[in-house]
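As a plain string of letters, each chain reads:
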Amino acid sequence: MSGPDSSQRILDHVRRLGEEHPPIALASVDREVHAPRRVAERYGHVIDYLARVELEVDRNVLELLVLLPDVSEVDRMFYADVWQPQEIQHGLILDRLQQDLGRPATEPHLEVSFTIKAMGALAHFSAIQDIARLLYYLTGASTERQAVLAYNVLHDGMTELGEPAIAETIIAPIRRQEPGHFAFYRMSATELVRSGALRPWQMYLARMLREKSYNLVGTNGRDEYRAQMGGVVTALGFDTDLERYAREVGRIEAQLLWAGAQGMEFPPYVLRALRESIDLYRERGFAAA
Ligand SMILES: [Fe+2]
Ligand SMILES: [Fe+2]
């Protein structure tokens, strides 16, 4: 479905998210931790990684403004009224948790990269703008899916560790907000592709750019973060079935960008990125710069 009906559906979705999911207040968290050292040993680096990624939302907004100078009203409503206010609280809450566990505060990377700035110069051409929009939605869908999967495992893990306050007052409320983000990006990408607004050459360019620039959540094209993400994937147990994880994370773009070419369940670059991250983690460990 595309056209006015699906645009309206997206707008309704964004409004509903704003009404039903206010940002999580820091004061709503029960800070009781029974065994901080045990939690830190098992999940400290995962919490640090997630806190950083969530806090980098402010850079993501800047990048978005550079890449999408003609941002649509519904996109603006989503990032300004829903996404940024929610994600920043996720970051603040997780960062406080890791400090409660005796770990140092996270260090978000807030500088917009040169590549983004360079692409921003091109983004003023409307044909390029449409490609940038599609890539923005696909990136959002892929990263939000990774967040949902991570919080699912963390919730069970904290419960198993006998830390119900963390599981129920931190991870569960955060986890509830991520699927709405994922749905926004999925619906928006679907609508853009189905509307036929992108010419075949634009789809071709989008595929090429995606293949060259695909990044797992929070890796920002840096090996240091790639190694850390390999550590997160390993700690959460996704390394035991990487193809399954790649399917979960890459399914939307396999369908929309590659039209499920030859029964493709995920684009090969998703699995490649996962393997590279895990190899880097095995070589360098989590803390390697
Ligand atoms: Fe989040
Ligand atoms: Fe999110």
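Note that this is a predicted model, so its numbers are computed, not measured.

A. How the structure looks around the nonpolar core. Formed by 88 residues in total, the largest nonpolar core has its most connected members in Phe78, Leu94, Leu134, Leu154, Met158 and Ile170. No other element matches the 14 residues that helix 6 (residues 126-160) contributes to this core. Residue contacts for Ile170: discarding those within four places in its chain leaves Val29, Ile93, Leu94, Leu97 and Ala165.

B. Quick peek at the coordination of the iron ion (ligand 1). Distances from the iron ion (ligand 1) to its protein donors, namely Glu54 (OE), Glu54 (OE), Glu87 (OE), His90 (ND1) and Glu178 (OE), fall within the range 2.0 to 2.3 Å. The distance between the iron ion (ligand 1) and the iron ion (ligand 2) is 3.6 Å, with Glu87 acting as a donor to both metals. On the criterion of sequence distance, the pair formed by Glu54 in helix 2 (residues 36-55) and Glu178 in helix 7 (residues 164-194) is long-range, its members being 124 residues apart. We note that Glu54, like Glu178, is buried.

C. Local environment of the packing of helix 10 (residues 242-256) against helix 11 (residues 268-284). For the pair helix 10 and helix 11, the least separation of the axes is 9 Å and the interaxial angle reads 135 degrees. Compared by their axis directions, helix 10 and helix 11 come out oblique. Once helix 10 is placed against helix 11, the crossing between them reads as right-handed. Of helix 11, the residues touching helix 10 (which contributes Leu242, Glu243, Tyr245, Ala246, Val249, Gly250 and Glu253) are Tyr269, Val270, Leu271, Leu274, Arg275 and Ile278. In terms of residue class, the contact of helix 10 with helix 11 is built from 9 nonpolar, 1 polar and 3 charged.

Calculation rules
- Residues numbered from 1 in each chain as written.
- Chains lettered and ligands numbered in written order.
- Predicted model: local features only at pLDDT ≥ 70, side-chain atom pairs only at ≥ 80, totals over all residues.
- Heavy atoms only, no water.
- Core = buried A, V, L, I, M, F, W, Y, C linked by side-chain atoms within 4.5 Å.
- Buried < 20%, exposed > 50% of the residue type's maximum accessible area, 1.4 Å probe, protein only.
- Helix = DSSP H or I, 4+ residues; strand = E, 2+ residues; numbered from the N terminus.
- Contact = heavy atoms within 4.5 Å.
- Donors = N, O, S within 2.8 Å, 3.2 Å for Na, K, Ca; no water.
- Axes fitted to C-alpha atoms, helices over the stretch in contact; angles between N-to-C directions.
- Parallel < 35°, antiparallel > 145°, perpendicular 65-115°, else oblique.
- Left-handed = near helix turned anticlockwise from the far one by under 90°.
- Nonpolar A, V, L, I, M, F, W, Y, C, P; charged D, E, K, R; others polar.

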